[in-house]
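Tertiary structure, described
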Amino acid sequence: MRAYYFDNLPGDQRLPHDYVPSRPVTREALAKMNVLSWTIPVEGYAAEVDEIARARGYKNRDTIDVSREGMGEIYESKIKGFFEEHMHEDEEIRYILGGSGFFDVRETPSDDWIRVAMEPGDLLVLPAGIYHRFTLDETDRILALRLFQDEPKWVPHPRSEATDANVHRLGYLRTIGVGA
Ligand SMILES: [Fe+2]
C-alpha cells in the first residue's frame, strides 16, 4: 500500500496522479483520519484476516470482482458511480486478493484528496462518514474481499450540503477532532 496526495491534474482517473516529487502520506497520518490499514500477504492470509475480523466484529464477508468480465453489463455505470465522491453510514472494508486500484479519501479540513494505491495483501478500513471514491488503475481489474458487520447498506451518499449534515458525517468529524 502506498498513499500520497492526489495531484488534481485533469486526465485519466486510472493514472497514478502522483505529484512530482511525490507527497507521501504515512499509515499513521491515515490512522489519524480513522483510515486503518494493514498489509497481510495473500498467501496464507486467512488466519491474520480472521483475527482482525474477529477483533473488529466483522462477522460476514464476500468477494467482489471489479472488471468488465466480472461485472458484465453494469460495469460502466458501476465504475462511474464508484468514482463519484460519496460517503456511507457503514464502514467500507476491503482486502485485496488480486489486481489493484485506488481509493481516494478526502482529508478534512484541507479538502485535499489522498490517493491510496491498493495491491494484493492490502487491507483498508474507511470509517463511516468519510468522503471517498474508488477507481481501477490501468490494469482494469481488482478482486477484493469485503468484510462487514451484520447487513451493511453501503448506500452511497453523494457529497452535498445535506450529506455534510448527515449524523454519520458529523460523527466522523467529531472522532477526528474536526468541526462540531
Ligand atoms: Fe464507497
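Residues numbered from 1 in each chain as written. Predicted model: local features only at pLDDT ≥ 70, side-chain atom pairs only at ≥ 80, totals over all residues.

A word on the overall build of the protein
A count of helical and extended segments in the protein gives six helices and twelve strands. Computed over its C-alpha atoms, the radius of gyration of the protein comes to 16 Å, within 12% of the 16 Å expected for a compact globule of 180 residues. Projected onto its principal axes, the C-alpha coordinates of the protein cover approximately 40 × 40 × 35 Å. Per-residue burial over the protein gives 27% buried out of 180 residues. Put simply, of all contacts in the protein between residues at least 6 apart along the chain, 77% involve residues at least 24 apart. (Helix = DSSP H or I, 4+ residues; strand = E, 2+ residues; numbered from the N terminus. Rg over C-alpha atoms; globule rule 2.2 N^0.38 Å. Buried ≥ 20, exposed ≤ 12 C-beta atoms within 10 Å, placed from the backbone. Contact = placed C-beta atoms within 7 Å.)

So, the environment of R141
Counting through the fold element by element, R141 comes out in the loop between β10 (132–136) and β11 (142–148). Residue classification places R141 among the partly exposed residues on the basis of 16 C-beta atoms within 10 Å. Taking the C-alpha atoms as reference points, R141 and G81, separated by 60 residues in sequence, lie 16 Å from one another. Those residues in contact with R141, other than ones at most four positions away along the chain, are V66, S67, G99 and L136.

Considerations on the UniProt feature "binding site: Ni(2+)" (unreviewed entry) in the protein
When the UniProt feature table is mapped onto this chain, "binding site: Ni(2+)" (unreviewed entry) is found at H86, H88, E92 and H132. The greatest C-alpha distance among the residues just named is 11.7 Å, despite their covering 47 residues of sequence, which places them together in space. Structurally, the position occupied by H86 is in strand β5 (residues 86–87). What makes H86 partly exposed here is the crowd of 19 C-beta atoms within 10 Å. In this structure H86 touches Y131, R133, P156, H157, P158 and R159, once residues within four positions along its chain are discounted. On the secondary structure map, E92 appears in strand β6 (residues 92–99). Ignoring sequence-local partners within four residues, the contact set of E92 consists of L126 and W154. (UniProt positions renumbered as here; feature names shortened; annotations may be inferred.)

Focus: the pairing of strand β7 (residues 101–106)
Note that β7 and strand β8 (residues 113–118) share six bridges and pair antiparallel. When the sheet's bridge partners are listed, G101 is paired in β8 with M118. Taking the residues that link successive antiparallel strands as the turn, the β7-β8 hairpin has six residues, and the phi of D111 there is positive, at about 65°. (Pairing = 2+ DSSP bridges.)

Observations concerning the nonpolar core
If you look at the biggest cluster of nonpolar residues, it comprises 32 residues, and the most contacted ones within it are V35, F103, V105, V116, L124 and I130. When residues no more than four places from it in sequence are discounted, the contact partners of F103 are V116, M118, L124, L126, H132 and F134. (Core = buried A, V, L, I, M, F, W, Y, C linked by C-beta atoms within 7 Å.)

As for the sheet that holds strand β3 (residues 36–39)
One open sheet accounts for five strands, arranged β3-β9-β6-β11-β4; its pairing is antiparallel. Each end of this open sheet is capped by a strand with a single partner; those strands are β3 and β4 (60–66). Here the average twist between neighbouring strands, direction ignored, is 20°. (Axes fitted to C-alpha atoms, helices over the stretch in contact; angles between N-to-C directions.)

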